[in-house]
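For reference, the chains in residue letters:
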Amino acid sequence: MKLKALSLLLLLTASHAVFAGGGGPPSRAELWKTFYNPLADYPLEESVSDNTIRRLVQLLRDDLGVEKKYIYRTGDGQWYSEASLYEVLNPMVESSGRDLVVYSSGGSASQAPDNTVIFAGGGLPLERPGWSDCTSAGALRGTLELAEAWLEDESLSDFAVRNALYYRLNIAAECQKRPTRKLSERELQSIPAPWRDYLAALAHFYQHEYRQAGETFAKLVDSEQATVADLSSYLAGRAFLIAAQGDWHGYGDPGEAVDRTLLARSAQYFRQHVERDGHYADSARGLLRRTAYLAGDRKAYYAGLKQNLDRLLAGDSTALQFLQVIDEGSRFGQGPALLEYLDGHYRQFAGDSELESLVRLLDFRRGVQHFRAGEQEEAYRLLMEAGLEPAYPYLVQIARESGDRQRLAAVYRKFLDGNTLAMHRAALDYAERGAEAFVDTDNAPLAKRSALAYCSAGNLQELVLGNLSNKNLPELRDALYDAYIQREQFEALNRLMSSGDIDNGPYEAIRTAVRQLARGESLGKAYMNIGYFVAERMTQPKYSGANKFLASLDGDRYCESGLKSYDRGAQYFYRLSLAQFTPQERSTDEAKALHFMINCDRMGIRGCWGTRPEEAESSEVLFKRLHRKYPTSQWTEKTPYFY
């Protein structure tokens, strides 16, 4: 049985803008919904860079789908995924025909019969893979491989197999700080010496005693026990490699921080394992490249990468295997060189549907080369066929320079989605239709977002009054009314609300407050009611790329800052309300405004978005004011704390 160990892909993802007030980066789907176009962040490079190659590998790997990660495959071909130790080990023991019994948990391990493996309390060690090096899926897989080798070895008695299993599980138990099942001298001696020494070396390895582990494994590489010799050559290399890096922090050039003597010994055993075509030969090849890199031998490192590609080219290899090598090389400045080398085998890949991802990667590279050579038609064909996100800016430029709107629309359809696609397609009609292109649409969020991107509320009002029969009038009205409220342009808003031209909708609830503010009457009450409406009915704007996009389209009409403020939420208007009341005045409206202002200081309170005004008094001061002036008010009773 030959298991190929694949090196781990370290994937680089592009960073994106964060929602204002949000708790982290938004998802790709959220970005599309908010008119943000992440593809616009990709640069137009002179040639395909290592950073872009890493992005491409990420995208292609995602397109391949998340491969099912199997914990183990037994010799009879049975796959186990996300399995526990017991779920695999028990049927393995049963099918072996040996006189052995494995329990997942049970009574006293010390009193278990000679044919029984059992750990009291918590089940078998390694029952489920964890995150540490000694309880990982790799440790579980290695334990199962040992168990299968022991069960199939006819030279081992059932008692020896049982005790070897106990020894290996004890190593895991110690790592997990669990009680071990101490083996008697009789039980230890039943395990043949090569296996006993191997397990002792393994214990040193998992106890992070790497130099001692390496020395012990090194003594076993010529063991007459073939499996012990095979595994020991690999693990000697692993142990010495880790020990060699003991003084290196893991970042930048290792320089003199690595132990060159131990590094050389590590390489020696990895080469021996590869020459023997050992069980972990693929992994050993990758680690040999690492030893070359740590030793500063870049020539040997790059040669190792190319040799790996040659092996893949000669065999029945998967796209993922090629992508892994390309990804590794791109981290050390060799991504473009590896793509150039593989491009020489393009015809070999083009006829293999299993390698379509690799062909797309090479098509992208060829497309960029044609683009830089001024061969736009061929560049367009190849980049569209590749269909990879970094191709977007090249294709947009080709389409714009050709003046072909249909071609540009095709690029948008291929790469964009949702609201972002609707916005870019509408922009194609902007030269002919102006703002109507964004307003007269089936996409109501687009209509509202384009309205919020206006620089002037007065100009937006002209648009709204010119579209009174538009199906998106409610969205346009909301954007306009919100803008007037946040800019405190209450005279203009009062005239509009009183004109009868527009159905005020939910804003009818503040019509009186707007009129009072326009006339300078009952300001304390009016501002308080506006603040309450803002908390209950208005929503905080979220980050959107639409403002920037529209401003680049027409900077006279649209502004990046837009009309709606991120800061002027309910507390802004509550503070204005409280400023209207004198120390001697007593008013239920003041008590209400104090209650609302204090309540907004509670963590996570609904509706209280925006920034607390710097000039506002603290929650404690307002609390004392409320309780001193209105000790018997229902609003005081509803405000037992300050925040």
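## Observations regarding the overall build of the chain
- Counting its regular elements, the chain contains 33 helices and four strands.
- Whereas a compact globule of 643 residues would reach a radius of gyration of roughly 26 Å, the chain reaches 35 Å, over 25% beyond that.
- In terms of its C-alpha atoms, the chain occupies a principal-axis envelope of roughly 100 × 75 × 50 Å.
- Across the chain, the fraction of contacts at a sequence separation of at least 24, relative to all contacts at a separation of at least 6, is 63%.
- For the chain, the exposed area adds up to about 30,500 Å²; of that, 47% sits on carbon and sulfur atoms.
- Across the chain, the centroid of the 76 positively charged side chains sits 4 Å from that of the 86 negatively charged ones.

## A few points about the state of the cysteines
- Under the definition given, this model contains two disulfides.
- Two residues, C455 and C559, share a disulfide whose sulfurs are 1.9 Å apart. Measuring handedness by torsion sign, the sulfur bridge of C455 and C559 sits at about 105 degrees and is right-handed. Of the two residues, C455 is situated in the loop between helix 23 (444-452) and helix 24 (457-465) and C559 in the loop between helix 29 (546-553) and helix 30 (570-578); the sequence distance between them amounts to 104 residues.
- Under the relative-accessibility criterion, C559 is labelled partly exposed at 23%.

## A look at unusual backbone geometry
- A positive phi angle, near 55 degrees, is found at K177, a position not held by glycine.
- For K177, the position within the fold is in the loop between helix 5 (158-175) and helix 6 (185-190).
- Unlike most non-glycine residues, D277 shows phi in positive territory, near 55 degrees.
- Note on placement: D277 falls in the loop between helix 10 (260-275) and helix 11 (281-294).

## Observations regarding the packing of helix 10 against helix 11
- The interhelical angle for the contact between helix 10 and helix 11, taken along N-to-C directions, is 155 degrees, at an axis separation of 9 Å. The orientation of helix 10 with respect to helix 11, classified from their angle, is roughly antiparallel. The handedness of the crossing between helix 10 and helix 11 is left-handed. Taking contact as the criterion, the partners of R260, L263, S266, A267, F270, R271, H273 and V274 in helix 10 are, on helix 11, A281, A284, R285, L287, L288, T291 and L294.

## Examining the side chain of S450
- The residue S450 is located in helix 23 in this model.
- Residue S450 is classed as buried on the basis of its relative accessible area of 2%.
- With sequence-adjacent residues up to four places away left out, S450 is seen in contact with F438, V439, L550 and Y558.

## Here's the deal with the packing of aromatic side chains
- Taken as a whole, this structure holds 29 aromatic pairs when the rule is applied.
- An angle of 80 degrees between the planes, with centres 5.1 Å apart, marks the rings of F371 and Y394 as edge-to-face. Here the residue F371 occupies a position in helix 16 (residues 356-372), and Y394 occupies one in helix 18 (residues 392-402), the gap between them amounting to 23 residues. Assigned by exposure class, F371 and Y394 land together as buried.

## A few points about the environment of R285
- Mapped onto the elements, R285 comes out in helix 11.
- Residue classification places R285 among the partly exposed residues on the basis of a relative accessible area of 21%.
- Between the C-alpha atom of R285 and that of N308, which follows or precedes it by 23 residues, the distance is 8.1 Å.
- When sequence neighbours within four positions are dropped, the list of residues in contact with R285 reads V274 and R311.

## Some thoughts on the confidence of the model for the chain
- Per-residue confidence for the chain averages 89 on the pLDDT scale, and 90% of its residues sit at or above 70.
- Confidence, expressed as mean pLDDT per element, reaches its minimum in the chain at helix 1 (residues 28-33) with 55 and its maximum at helix 27 (residues 511-519) with 98.
- Low pLDDT, under 50, characterises residues 1-24; the stretch is placed with 54 contacts to residues that sit more than four places away or in other chains.

## Some details on helix 29
- Turning to helix 29, its buried residues number three or more, namely A546, N547, F549, L550 and A551.
- Structurally, helix 29 contributes buried residues whose contacts are with helix 20 (418-427), helix 22 (436-439) and helix 23.

## Brief notes about the nonpolar core
- Ranked by internal contacts, the top residues of the largest apolar core, which has 124 residues, are Y198 and F364.
- Those residues in contact with Y198, other than ones at most four positions away along the chain, are L146, F217, L220, V228, L231, S232 and L235.
- Counting residues in each nonpolar core, the second largest holds 52 residues, with Y481, A483, L517 and M538 among its members.

## A look at helix 10
- Along its 16 residues, helix 10 runs 22 Å from first to last C-alpha, staying within 8% of the 22 Å computed at 1.5 Å per residue.
- For helix 10, the elements touching its buried residues are helix 8 (210-218), helix 9 (226-244) and helix 11.
- The opening residue of helix 10, the one whose side-chain oxygen lies 3.0 Å from the backbone nitrogen of T261, is D259.
- Phi turns positive, to about 55 degrees, at D277, one or two residues after helix 10.

## Observations regarding the packing of helix 13 (residues 319-330) against helix 14 (residues 335-343)
- Two elements in contact, helix 13 and helix 14, have axes whose closest approach is 7 Å; the angle formed by their N-to-C orientations is 145 degrees. Contacts between helix 13 and helix 14 involve F322, V325, I326, G329 and S330 from the former and G335, L338, L339 and L342 from the latter.

## Considering the side chain of S565
- Take S565: it is sitting in the loop between helix 29 and helix 30.
- On the basis of relative accessibility, which here comes to 19%, the residue S565 falls in the buried class.
- A polar contact is formed between the side chain of S565 and the backbone nitrogen of D567, at a distance of 3.0 Å.
- Engagement of the side chain of S565 in a polar contact is seen with the backbone nitrogen of R568, the distance being 3.2 Å.

## Observations regarding the pattern of salt bridges
- One pass over the structure, following the stated rule, counts 34 salt bridges.
- For E215, the salt bridge goes to R265, with nearest N and O atoms at 2.7 Å. Of the two residues, E215 is situated in helix 8 and R265 in helix 10; the sequence distance between them amounts to 50 residues.
- Look at the salt bridges and you will find they share partners, linking E590, E617, R625 and K629 into a network.

## Some details on the environment of V161
- Its location among the elements puts V161 in helix 5.
- The class for V161 is buried, based on a relative accessible area of 0%.
- Each C-alpha atom of the pair V161 and I191 lies 7.5 Å from the other, and the pair is 30 residues apart in sequence.
- In this view, V161 contacts R98, L100, W150, L151 and L156; residues no more than four positions away in its chain are not counted.

## With respect to the environment of R290
- Relative to the assigned elements, R290 resides in helix 11.
- As for R290 and A213, which are separated by 77 residues in sequence, their C-alpha atoms are 20 Å apart.
- Ignoring sequence-local partners within four residues, the contact set of R290 consists of L241, Q245 and W248.

About the cut-offs
- Residues numbered from 1 in each chain as written.
- Predicted model: local features only at pLDDT ≥ 70, side-chain atom pairs only at ≥ 80, totals over all residues.
- Heavy atoms only, no water.
- Helix = DSSP H or I, 4+ residues; strand = E, 2+ residues; numbered from the N terminus.
- Rg over C-alpha atoms; globule rule 2.2 N^0.38 Å.
- Contact = heavy atoms within 4.5 Å.
- Areas by Shrake-Rupley, 256 points an atom, 1.4 Å probe, with all protein chains shown as cover.
- Lys, Arg positive; Asp, Glu negative; His and termini not counted.
- Charge placed at Lys NZ, Arg CZ, Asp CG, Glu CD.
- Disulfide = S-S within 2.5 Å.
- Buried < 20%, exposed > 50% of the residue type's maximum accessible area, 1.4 Å probe, protein only.
- Axes fitted to C-alpha atoms, helices over the stretch in contact; angles between N-to-C directions.
- Parallel < 35°, antiparallel > 145°, perpendicular 65-115°, else oblique.
- Left-handed = near helix turned anticlockwise from the far one by under 90°.
- Phe/Tyr/Trp six-rings, centres within 6.5 Å; stacked < 30°, edge-to-face > 60°.
- pLDDT = per-residue confidence, 0-100.
- Core = buried A, V, L, I, M, F, W, Y, C linked by side-chain atoms within 4.5 Å.
- Expected span 1.5 Å × (residues − 1).
- Polar contact = N/O pair within 3.5 Å; in protein donor to acceptor, adjacent residues only side chain to side chain.
- Salt bridge = Lys/Arg side-chain N within 4 Å of Asp/Glu carboxyl O.

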